[in-house]
Each structure stands twice: as structure tokens, then as C-alpha cells.
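The primary structure of each chain is shown beneath.
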Amino acid sequence: MLKKAAPLFMFFLITTVMIGCSFWDEGQADNRLQKEAEQVEQDRDKDVHYEGTSEEISASLNENEAEETEEGYVISADKINEVITVDGQAVIQNPDNIFANINREFLLPSDYIPDDLVAPNVRFSFDEDVEKRYLREEAAFALEELFTAAEEAGIELFAISGYRSYERQEVLYDNALTNHGADQEVVAMPGQSEHQTGLAMDVSSRSNGFALSAAFEETDEGQWLAEHAHEYGFIIRYPKGKEEITGYDFEPWHLRYIGTEIAEILFENDWTLEEYLGEVTPI
Ligand SMILES: [Zn+2]
């Protein structure tokens, strides 16, 4: 019986090997996180880096997307969230929008993965090539400029956490629920995290023990960031005193890329993204 079965077994074994290793891969990658990591790896292997020069990227940003007029602030209508309601929640239909407003009210689709993720060439607090190392191309370029400027000012920043997939956020949220109960002001629900856009990077310093904590505000690095991030198109997305508006605790470490035009408007007016969108006129 065993002897008869052996050739059959060999046939299946050889067939499996000929088809490729996909069976083995699938056996191992039984969770979607693994697949996402592989996707990021593949993107990296394509040697995707910045397709445009800094001038080309900033020129593309200046095409009537946001500006100040005599009547006030205006914005291209296509830069406002387009939403549909799914299970009572507003789900963003144009998630690639660089001005996308993600919060408790507006969610990203669960299957949204930015298609231009790259690893910025900046100092990280870790060595692994994992998804949190990645940002969208435009944001990655701007982060490099920000880190270079900081360096020149004698400020040593460390990137801690960038892109985060929907699935990874699900894991973090579930863990937070288990450990702390439903503390939504600290950990975003899946779909509500800006990190899924690939436009957010958490930053800290050696002086703050690489921690993402409110104490970062008091460090030289935190203060430099609060004063200069907007010059490179980033905002401190969850400022102190605006918790009721953003729905999040103060996070001096959480940078959101939004382009220099809006970042400067927000900085000058001391506005959150929500406050700005309440003032601006879509055209
Ligand atoms: Zn963050």
C-alpha cells in the first residue's frame, strides 16, 4: 500500500515544486500583515524612489490647490473629502488626496493602501525594513528635507513610526482595548488612523528616550519641530488645547504631511486641520 502510494506522493511533490513555492508561502503567510510586508518589500525592490525633483513636486503642489484670496482661503473642491456612508460611517472615496481629513468622523476604506510608499532616507530608531519605515513619496521627500534642516540646526530627530496598514491598526486597537479598555483618545480605531494614509510620521529624540510622550514637547527637538515643521509641509496634527476638536490627546510627536501652503496657513492661524476646513471655501 505504502509502495503504491509513494509514486503518487512523489508526483504531487514534484508538481508542487514545479508550480513554485507559492504553496509554502501561503502556508506561512496566513495573516494579511505578512502579505502587506511583502508588498512593501516588492515596491522597494522595484527601486522606486523619488520620481520627481523637489521643484517638480512642489510645482505640482502649487496648481491651484490652496491659497489665500481677498475673500479668504480657497481650496480646490477635489481636495475635500468625498464620502459615502457605510454602516453609518463616512468612508472617504478619494483617500489619495494629500489634504484628506481623517478623524473620528471620516474613515479611510479598509482596503486602502497608498501605491507610492517609499522609505525616506532619514534616521530611524530601528533597523528593520518594516511597514512603519514607509511614507508616501511626497511626504518622504519632505521628511528628508525636514531632517536635514534639523541636523543643520544641531537637532537630532529620530523617525519612529510612519505608514501603518489597516490590519496593523486593528491589532494595535484590539491590544489597547484588552489592556486599557476603550480609550479612543489614545489609540485610533482601524480606518481612523492617519498613519494609514502614509502621510504621518511619529518623531522623537534620544533626549526623550525615543518615546512618543507629551514630554517630547519640552525637549529642544520637540520645540524645534513645533516651530519649523510647517516650513516643510508638516503639521503637529493633534495640538495641545485642541483635543475637543481633533478628538485626540495632545501628540507633539505626530507629524502629518499636508504641503507647505496649508501647513503655513494652519501655523499662522493656530488652526487644526478641522478648523481650517471649516473656514475654507472649495472652488
Ligand atoms: Zn502618530
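Residues numbered from 1 in each chain as written. Predicted model: local features only at pLDDT ≥ 70, side-chain atom pairs only at ≥ 80, totals over all residues. Heavy atoms only, no water.

A. Representation of the pattern of salt bridges within the structure. Summed over all chains, the structure comprises eleven salt bridges. Taken together, the salt bridges that share partners define one network made up of Arg123, Glu151, Glu156 and Arg206. (Salt bridge = Lys/Arg side-chain N within 4 Å of Asp/Glu carboxyl O.)

B. Focus on the layout of surface pockets. Volume-wise, the second largest pocket comes out at about 430 Å³. Lining the second largest pocket are 23 residues, with Ala226, Ile236, Pro239, Phe267 and Asp270 positioned closest to its centre. Going through the elements one at a time, helix H7 (220-228), strand E10 (234-238) and helix H9 (260-269) are the ones with two or more residues in the lining of the second largest pocket. A breakdown of the residues in the lining of the second largest pocket according to their chemical character gives 14 nonpolar, four polar and five charged. (1 Å grid on protein atoms, 1.4 Å probe; cavity = no way out; pocket = protein on both sides within 12 Å on 5 of 7 lines; lining within 4 Å. Points joined across faces, edges and corners; volume = space filled by probe spheres on them. Helix = DSSP H or I, 4+ residues; strand = E, 2+ residues; numbered from the N terminus. Nonpolar A, V, L, I, M, F, W, Y, C, P; charged D, E, K, R; others polar.)

C. Quick peek at H7. Within the span of H7, buried status applies to Glu221, Gly222, Trp224 and Leu225. All buried residues of H7 lie within an arc of 165° about the axis, which places them on one face of the element. For H7, the elements touching its buried residues are helix H5 (137-152), strand E9 (200-204) and strand E11 (251-257). (Buried < 20%, exposed > 50% of the residue type's maximum accessible area, 1.4 Å probe, protein only. Arc of directions from axis to C-beta. Contact = heavy atoms within 4.5 Å.)

D. Summary view of the coordination of the zinc ion. Binding of the zinc ion to the protein goes through His195 (NE2), Asp202 (OD) and His254 (ND1), at separations of 2.1 Å. Counting the intervening residues between successive donors of the zinc ion yields the motif H-x6-D-x51-H. Taken individually, His195 and Asp202 each receive the classification buried, so the pair is uniform in this respect. (Donors = N, O, S within 2.8 Å, 3.2 Å for Na, K, Ca; no water.)

E. Seen up close, the sheet that holds strand E3 (residues 83-86). The mixed open sheet is built from three strands, whose spatial order is E3-E4-E5. Strands at the two margins of the open sheet, each flanked by one partner only, are E3 and strand E5 (106-107). Across two bridges, the pairing between strand E4 (residues 89-92) and E5 is parallel. Paired with Val91 across the strands is Leu107, a residue of E5. (Pairing = 2+ DSSP bridges.)

F. Up close: the nonpolar core. In this structure, Leu143 and Tyr276 are the most contacted members of the largest nonpolar core, which totals 42 residues. Elements supplying a minimum of two residues to this core: strand E2 (72-75), H5, E9, H7, E10, E11, H9 and helix H10 (273-279). It is H5 that contributes the most residues to this core, eight residues altogether. With residues up to four places along the chain from it excluded, the contact list for Tyr276 reads Ala66, Tyr73, Val74, Ile75, Ile262, Ile265, Leu266 and Trp271. Grouped together as the second largest cluster of nonpolar side chains are seven residues, Ala90, Ile92, Ala100 and Tyr112 included. (Core = buried A, V, L, I, M, F, W, Y, C linked by side-chain atoms within 4.5 Å.)

G. Here's a closer look at the sheet that holds strand E1 (residues 66-69). Strand order in this open sheet of three strands is E1-E2-E12, and the pairing throughout is mixed. In this open sheet, the two strands that pair with only one neighbour each are E1 and strand E12 (281-282). Here E2 runs beside E12; their pairing, made up of two bridges, is parallel. Bridge assignment links Ile75 to a residue of E12, and that residue is Pro282.

H. Up close: the confidence of the model for the protein. Taken as a whole, the protein shows an average pLDDT of 83; of its residues, 75% reach a score of 70 or greater. Throughout residues 9-33 the model reports pLDDT below 50, and contacts reaching past four residues in sequence, or to other chains, amount to ten contacts. Long-range and interchain partners of residues 40-54, a stretch whose pLDDT sits below 50, account for 23 contacts in this model, where long-range means more than four residues apart. (pLDDT = per-residue confidence, 0-100.)

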